[in-house]
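The residues making up each chain are set out below.
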Amino acid sequence: MKVDDAYELYMRLQSLDLLRESPPFWWPRYGTFEVVIGAILTQNSRWHRVEASLENLRALKLLHTEALLHCNIETLTAAIQPSGMYRKKAIYIKRLIHNMTESFGTYEHFCAQVSRRWLLAQKGIGPESADTILCYACQRSHMVVDRYTQRLVAALGYDFESYDALQQWCEQVHVNFDQTELPRVYAEFHGMIVEYMKRHTLPEDINTLCLYDCD
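Every chain is numbered independently, its residues counted from 1 as its sequence is written. With pLDDT at 70 or above as the cut-off, local features in this predicted model cover only qualifying residues; side-chain atom pairs require 80 or more to be listed or tallied, and sums for whole chains, interfaces and linings still use all residues. With hydrogens and water stripped out, all remaining heavy atoms of the structure feed into the side-chain values.

Caption draft 1: Broad picture of helix α2 (residues 33-41). With respect to burial, α2 is a largely interior element, 9 of its 9 residues being buried. Of all the positions in α2, only F33, E34, V35, V36, I37, G38, A39, I40 and L41 are classed as buried. Contacts were defined at the residue level, with two residues in contact if any of their heavy atoms lie within 4.5 Å. Starting at the N terminus, helices and strands are each numbered in turn, a helix being any DSSP run of H or I of at least four residues and a strand any DSSP run of E of at least two. Contacts made by the buried residues of α2 are with α3 (47-59), α4 (65-70), α6 (86-104), α7 (107-113) and α9 (127-137). Only protein chains enter the calculation, and the probe is 1.4 Å; a residue is then buried if its accessible area is under 20% of its type maximum, exposed if over 50%, and partly exposed in between.

Below you can see the structure in the form of structure tokens.
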């Protein structure tokens, strides 16, 4: 099976109503500081483990910048243990919050002013985490691509040599929407890809891959 471009893929996924049980903009608590922490915790981890870590942080009242800035590393490490790689992640979170406060002051200023380049300069933040923060925390027009995206478009006959090339292909949908719609479009496009891939095992023969309900 082949799609002509990213917009056709977007429309076919949309026709499946994959996000009907998801929160608005797909990522839980879209537009909040919690997304920043979730973007780090989800690295090499399953979402149910991330949710357990977030619940621990919530119970300790640590899901805001001031609390994380001043909490001790041992408390943070214990709270996020369900997500795995918790020692490294605790260090990344503490360093990010410190640098965020130093550079932007408040979370609101961070969302308004932070750049992708600044995020990529932070230890433990790669392209996917940076775009997740920009898209789902800062509500920016940034498309997140991940292993699900790569596997799906590869099955549809497309091969990209880099994260940025795959992202650029997906972001071609922008020509079909008003600029003000793009934060929603990119958030939902990524969400639909993830939800589709979680529900389907890709066959070896891509001709049997069906983006519509198959008879």
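There is more to say, and it comes next.
Caption draft 2: Expanded view of the packing of aromatic side chains. Two aromatic rings, drawn from Phe, Tyr or Trp (for Trp, its six-membered ring), form a pair once their centres lie within 6.5 Å of each other, and the interplanar angle then sorts them: stacked below 30 degrees, edge-to-face above 60, tilted otherwise. Scanning the model with the defined rule gives 17 aromatic pairs in all. Considering the side-chain rings of F104 and F110, the 5.6 Å spacing of their centres and the 75 degrees angle between planes classify their relative orientation as edge-to-face. When sorted by exposure, F104 lands in the same class as F110, which is buried. When the centroid spacing of 6.1 Å and the interplanar angle of 25 degrees are considered together, the rings of Y107 and F110 count as stacked. In this pair, Y107 and F110 both sit in helix α7, 3 residues apart, roughly one turn of the helix. Neither Y107 nor F110 differs from the other in exposure class; each is buried. Through a chain of ring-to-ring contacts, the aromatic side chains of F25, W26, W27, Y30, W47 and Y136 assemble into a single cluster. Whether a charge sits over a ring depends on NZ of Lys or CZ of Arg being within 6 Å of the ring centre and within 35 degrees of the ring normal. We note R147 situated over the ring of Y148; from NZ or CZ to the ring centre the distance is 4.8 Å.

Caption draft 3: Structural detail: the side chain of T149. Relative to the elements of secondary structure, T149 occurs in helix α10 (residues 147-155). For T149, a relative accessible area of 0% translates into the label buried. Here the side chain of T149 touches D146 through a polar contact of 2.9 Å, side chain to side chain. With residues near it in sequence (within four places) discarded, T149 still touches V144, L166, C170, H190 and I193. The definition of a polar contact used here is a pair of N or O atoms within 3.5 Å, where within protein one atom must be able to donate a hydrogen and the other to accept one, and adjacent residues in sequence count solely through side-chain atom pairs.

Caption draft 4: Expanded view of the pattern of salt bridges. Think of a salt bridge as a Lys or Arg side-chain nitrogen and an Asp or Glu carboxyl oxygen that are within 4 Å of each other. The tally for this structure, following the rule as stated, stands at 10 salt bridges. With its nearest N and O atoms 3.6 Å apart, the salt bridge here joins E195 to K198. Of the two residues, E195 and K198 both sit in helix α12 (residues 182-199), 3 residues apart, roughly one turn of that helix. When its relative accessible area of 11% is taken as the criterion, E195 is described as buried. The exposure class of K198 is exposed, given its relative accessible area of 52%. Overlapping salt bridges bring together R29, E34, E55 and R58 as one network.

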